[in-house]
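Architecture and fold: a report
Chain residues, written in single-letter form:
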Amino acid sequence: IKVWGRNFAWNNLIVQNCASGGIYTEFSTHNNPNANEDIRELLESKFSNIKTFNNNGNGWDYFGPHDSNIDFYISVLNKGWAFYSDGFCNGLTANDWNCWLNDNGYYFGGTVMMKQGISSGEKGIGIEFKDGIGSCKLMQVEIGGLDTGLILRGSSHFIDCKVQNQNDNGTCVKIDNL
């Protein structure tokens, strides 16, 4: 699925066995809202109960829209990141996420607040923050069984998570350019 736009409302979506990545969303241009506009012109989106499974690429390439909520996201056995965000996607709220056995877990290229998330597997990276972002929050997050649990970059983050590593030569937390 590739969608370019804003103000999405998705519920109960399963994307599996795709030849490339599963989901690709990207923000579209937008003027500042005024009282004469339809509410459907607003940017913010709501995604709920989304699953990506066994795609030959990232489970979800997220390039917006910003200031959106993604609740109950599950990603399994994708040949890339479970969730990869970059570009104009600040202000993401992520609640109740679970990814396992993907090549990598979550890559955040914009400000995110995640509450109750899990990233686990047998290889790869659990969660990685892009250099230069700040003010991200991870609350009640568990990361485990990967080569590298958490790569932390940027500044002013709030991190409340359990990171455990089951690989003998792996790294639990890597702090880079703080």
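For the structure itself, consult the block above.
These lines cover the structure that appears in this document, whether it is placed above or below. All residue numbers refer to position in the chain's written sequence, counted from 1. For this predicted model, a pLDDT threshold of at least 70 governs which residues receive local features, and a threshold of 80 or more governs which side-chain atom pairs are given and counted, while totals over whole chains, interfaces and linings are taken from all residues. No hydrogens and no water enter the side-chain calculation; it runs on all heavy atoms of the structure.

Describing unusual backbone geometry
A negative phi angle is the norm for most residues apart from glycine, just as the trans form is the norm for most peptide bonds. Going from Gly64 to Pro65, the amide bond is cis rather than trans, its omega being 5°. Secondary structure elements follow DSSP: runs of H or I no shorter than four residues count as helices, runs of E no shorter than two count as strands, and numbering proceeds from the N terminus. You can see Pro65 is positioned in the loop between β5 (60–63) and β6 (69–76). Unusually for a residue other than glycine, Leu77 sits at a positive phi of about 60°. With respect to the secondary-structure elements, Leu77 resides in the loop between β6 and β7 (81–85).

Focus: the packing of aromatic side chains
Centres within 6.5 Å are what make two rings of Phe, Tyr or Trp a pair, Trp counting through its six-membered ring; a difference in plane orientation under 30 degrees is then read as stacked, over 60 as edge-to-face, and the rest as tilted. Across all of its chains, the model carries 23 aromatic pairs by this definition. With 5.1 Å between their ring centres and 85° between their planes, Trp10 and Phe47 make a pair best called edge-to-face. In this pair, Trp10 sits in strand β2 (residues 9–16) while Phe47 sits in strand β4 (residues 46–53), placing the two residues 37 residues apart along the sequence. What makes Phe47 buried here is its relative accessible area of 0%. Exposure is judged per residue with a 1.4 Å probe applied to protein chains only, and the accessible area is read against the type maximum: over 50% gives exposed, under 20% gives buried, and values in between give partly exposed.

Quick look at the nonpolar core
Soluble globular proteins tend to bury their nonpolar side chains together. Ranked by size, the top nonpolar core spans 31 residues in total, and within it Phe83, Trp97, Phe108 and Phe129 carry the most contacts. Ranked by residues supplied to this core, first place goes to strand β8 (residues 92–100) with four residues. For this analysis, residues touch if any pair of their heavy atoms sits within 4.5 Å. Not counting residues up to four positions away in its chain, the partners in contact with Phe83 are Trp60, Tyr62, Ile70, Tyr73, Leu92, Trp97, Gly105, Tyr106, Tyr107 and Phe108. Nonpolar cores were defined as sets of buried Ala, Val, Leu, Ile, Met, Phe, Trp, Tyr and Cys residues, with membership established by side-chain atoms within 4.5 Å.

Quick look at the sheet that holds strand β13 (residues 148–152)
Note on sheets: strands pair through backbone hydrogen bonds, and any given pair is parallel or antiparallel. Pairing between strands requires that DSSP locate at least two bridges from one strand to the other. Taking strand neighbours across the sheet as the criterion, the eight strands line up as β1-β3-β5-β7-β9-β11-β13-β15 in an open arrangement whose pairing is parallel. Unpaired on one side and paired on the other, β1 (2–5) and β15 (171–175) mark the two borders of the sheet. Along the sheet, successive strands turn relative to each other by an average axial angle of 5°, direction set aside. A fitted line through C-alpha atoms serves as each axis, taken over the contacting stretch for helices, and the angle formed by two N-to-C directions is quoted from 0 to 180°.

Everything listed is a geometric property; what it means functionally is a separate question.
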